[in-house]
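The lines below spell out each chain.
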Amino acid sequence: MARRLGTNITETAQLVGCSRCAIVSIHAKWINDGDTSSRCQGVGRPRVIKEKGRRRLSRLIKQNRCQTVAQLTIQYNAGPSASVLEHTVQRTLLDMGLCSRHLTRVPLLTKRHHQLRLQWAQEHRDWTMDEWKRVAWSDESRFLIHHVDGRVGALRLPGKQLLSSCTAGHTQAGGGGIMLWGTFSWAALGPVVVVEQTMKAANYLNITADQLHPYMAFVFLTGNGIFQQDNVSCHKARIVLEWFKEHTDEFHLMSWPPNSPDLNPMEHIWDVMERQLRAQIPPCPNISTLHDCCLDIWYNVSPVMYQKLVTSMPGELQLF
């Protein structure tokens, strides 16, 4: 309009805030073509998976968030759409904002559980490092041949990790495996025991008598040790609690809040073992090899590592 009214190129450029060269080219395009729109609709090749395909991908993901990109590609190619590569599906998922993250572990905490956790934290918040060094921590964990429990990915949008389909409570890991029970304290790494069957009260009583008792007697010579265990049913069985009561003059049993694996530093050791097992090439082919690998990793845990876990406890309780 400015050019039609006789405004020169310089004045028009100043009016619309662009260069003289742009004024010349745009005005020439308008004179020649009758419009100034660009014919360039985008950069690069057109998308293989268009909007309809994205909606279909979204439906497939909601059916099973734990499937891999390869499995998702097979399902997508089974439909009427043109076949695509795994790389195309992966790139489309990223463009849609979907990413794969490990399933979130969500402990089932009731209002009563929250109260007991807070009470335990308040009771132990003022403990000195000498008191924490007297604690022997224990836990059980299961390790599988193909992968370790809970290490499953779920496709989800950012901030959606607490969806029921993205939490670990609904999945089961496959393949054979072994269950380990272990203990450690500031002073020394304790024994690790392979539980041949499901942990029951009788099995656990044998472990406490044959493995835990000698360890506590060796590490805490004055009988001031404190043993930590969680609240699974085999730990709270009558025969087990009676055994601990008979040995109160040798060590004490720590009270423990329900559903609180996040407070137990043993979980970090299991995580290290899990990562090392998954990093092995080739992976463990059978139960016997898995057994040997687990024991080898356990007995090579650095004292610096487990002592650091003990020293972290005061800081953990400050979060409550």
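Scoring rules and cut-offs
- Residues numbered from 1 in each chain as written.
- Predicted model: local features only at pLDDT ≥ 70, side-chain atom pairs only at ≥ 80, totals over all residues.
- Heavy atoms only, no water.
- Buried < 20%, exposed > 50% of the residue type's maximum accessible area, 1.4 Å probe, protein only.
- Helix = DSSP H or I, 4+ residues; strand = E, 2+ residues; numbered from the N terminus.
- Pairing = 2+ DSSP bridges.
- Lys, Arg positive; Asp, Glu negative; His and termini not counted.
- Salt bridge = Lys/Arg side-chain N within 4 Å of Asp/Glu carboxyl O.
- Polar contact = N/O pair within 3.5 Å; in protein donor to acceptor, adjacent residues only side chain to side chain.
- Contact = heavy atoms within 4.5 Å.
- Core = buried A, V, L, I, M, F, W, Y, C linked by side-chain atoms within 4.5 Å.

As named in an unreviewed UniProt entry, the protein is Transposable element Tc1 transposase, taken from Araneus ventricosus.

## So, the pairing of strand β2 (residues 135-144)
Burial of β2 is extensive: nine of the ten residues sit out of reach of the surface. Across two bridges, β2 lies against strand β6 (residues 225-227) in parallel orientation. Along β6, the bridge assignment pairs Val135 with Ile226. Here eight bridges tie β2 to strand β4 (residues 177-184), and the two strands are oriented antiparallel to one another. Following the sheet pairing, Phe143 is matched in β4 by Ile178.

## Observations concerning the side chain of Asp230
By the element assignment, Asp230 lies in the loop between β6 and α9 (238-246). Here Asp230 occupies a buried position and makes no salt bridge, while the nearest side chain of opposite charge, Lys236, is found at 8.4 Å. In this structure the side chain of Asp230 is engaged in a polar contact, spanning 3.4 Å, whose partner is the backbone nitrogen of Val232. Here the side chain of Asp230 touches His235 through a polar contact of 2.8 Å, side chain to side chain. Those residues in contact with Asp230 that lie beyond four places of it in its chain are Asp139, Glu140, His235 and Trp256.

## Considering the nonpolar core
Core analysis: the biggest nonpolar cluster contains 35 residues, and Trp132, Trp137, Leu180, Phe184, Ile269 and Met273 have the highest contact counts within it. Elements with a contribution of two residues or more to this core: α6 (111-124), β2, β4, β5 (189-195), α10 (266-279), α11 (287-298), α12 (303-311) and α13 (313-317). Counting 21 residues, the second largest nonpolar core, distinct from the first, contains Ile207, Tyr215, Phe220 and Phe251.

## Considerations on the pattern of salt bridges
Inspection of the entire model under this criterion finds five salt bridges. Bridged by salt links that share partners, the residues Arg47, Arg54 and Asp95 form one connected network.

## Comments concerning unusual backbone geometry
For the bond running from Ile281 to Pro282, omega is -5 degrees, close enough to zero to count as cis. Relative to the elements of secondary structure, Pro282 occurs in the loop between α10 and α11.

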